[in-house]
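Residue-level listing of the chains:
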Amino acid sequence: MSAVPADARPRLARGVKLAEDRVRGGWNVLAPERVLKANATTVEILKLCDGERTFHEIVDELAARFSADPVRIETDAGALLADLRAKRMVEL
Amino acid sequence: MLAELTHRCPLACPYCSNPLDLDKREEELDTETWLRVFQEAAALGVLHLHLSGGEPASRRDLEDLIAGAAQAGLYTNLITSGIGIDRARLDRLASAGLDHVQLSIQDTDEDEADRVSGYSGSHRRKRAFADAVNQVGLPLTINVVLHRGNIARMRDLTAEAIELGARRIELAHTQYYGWGLTNRAALMPSRDAVEEARRTVAGLREETAGSIVIDYVLPDYFARYPKPCVNGWGRQSLNVTPRGRVLPCHAAESIPGLDFWNVADHSIADIWRDSPSFSAFRGTDWMQEPCRSCARKDIDFGGCRCQALALTGDPRNADPVCVLSPHHETVAALVEQSSTEQGFVMRGRSPAKAHPS
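Residues numbered from 1 in each chain as written. Chains lettered and ligands numbered in written order. Predicted model: local features only at pLDDT ≥ 70, side-chain atom pairs only at ≥ 80, totals over all residues. Heavy atoms only, no water.

### Side note on the sheet that holds strand E4 (residues 34-38) of chain A
All names here are of chain A.
Inference 1: Pairing is antiparallel across the open sheet formed by 3 strands, whose spatial order is E2-E3-E4. The sheet is open, and its two borders are formed by strand E2 (17-20) and E4, each paired with just one other strand. Strand-to-strand twist in this sheet, taken as the mean axis angle between neighbours without regard to direction, amounts to 30°.
Inference 2: Sheet topology note: the E2/strand E3 (residues 27-31) ladder contains 4 bridges and is antiparallel. By the bridge assignment, Leu18 is partnered in E3 with Val29. (Pairing = 2+ DSSP bridges. Helix = DSSP H or I, 4+ residues; strand = E, 2+ residues; numbered from the N terminus. Axes fitted to C-alpha atoms, helices over the stretch in contact; angles between N-to-C directions.)

Quick look at the structure:
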């Protein structure tokens, strides 16, 4: 079971930004008083969290793109989004 | 990076972190210089820009400054008293690219809040401002400086922050520098109150999980080891004063003999890399014992240089908050002193008004 409902449409909360780090390379999630270094997987997940795609669609899209097991993706992406939700960085 | 746009402020909080000797309006950097500084800071790798003061809204060009900072790619956080920003102006700030608002409140009780801020009606105006922030849709953090007078109301303060629509609350104990040091006797809570606060925070975090994020800044003097002040001198933060001096921390000017470079003469990158004040306590080579051989020297960086100076007379000493400091007894004695001092010395207010009796 994933921590995020399949029909939820996750998006970054206002004031939270996924931004490329032009100086250090890579990507960061910028929030009030917080910087989270985003690894490649996190970046791919968050880029799809546009408030329009459902969680189910996001999982399918990632599974297709990376030829990966959807159950595994659902678990990982669900854990990430639930964690960011608890930090009030993501809205479902 | 903290940009102290101005030292002007309608409030006069007794724990104000500005220096006792305030920069004057005519000394403040102009718009173009700030915009250049923001560009240089972003190019150096700065991610967050905290627009502070004083009250940053005292600057008429705040809209232009936010637009310039956003254009430079900086995450913009407005640290405000909420006084001087009506709904129309807030709309303009949001359109300029403002990312986040941090609003201070002094207390939950209106009269007490106004007494501490030195501004009648301030609390009511702050509530109205929080409403406006929510209407505009900007994320809001409420911050509260904790002291003897409000430490027992952390629970109410958190409830009020939730009611005001805040996503995050910062409960930060007073730091004893500048005005806070001047008013230390009237601000410092008892050890019992601090212990109670610690328990309250733990409970509150559980109760409010998912509805508000609580950031709790520990009471400095009551800790066993010092705080890693600014996460290490010249390591990840910098502070620009209203007239353009660049400091490793906001209280650094209290340390005599340091040569602070000004953005009028140097780029941010040059100041960060080469200015003598940033080099003075960067890394660990400057340390004396007990820090030099301490296993924690890369954890807390010896604590705070300004505090070491203020309480031991030498900024190279270990922060005396540390139990390993030979001066630790000074701090221990201050903590145990139970004071009944009530009056505050407030910036820009006459002492007569500051001591109502």
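What follows continues from the structure just given.
### Let's talk about unusual backbone geometry
Inference 1: Following Gly53(B), the chain continues to Gly54(B) via a peptide bond in cis, the omega torsion being 15°.
Inference 2: Its location among the elements puts Gly54(B) in the loop between strand E2 (48-52) and helix H2 (62-71).
Inference 3: A cis amide bond, omega 5°, links Glu289(B) with the succeeding residue Pro290(B).
Inference 4: Backbone geometry places Glu33(A), a non-glycine residue, at a positive phi of 60°.
Inference 5: For Glu33(A), the location among the structural elements is in the loop between E3 and E4.
Inference 6: Positive phi values are uncommon outside glycine, yet Val230(B) reaches one of about 40°.
Inference 7: By secondary structure assignment, the location of Val230(B) is in the loop between strand E7 (213-217) and strand E8 (239-240).

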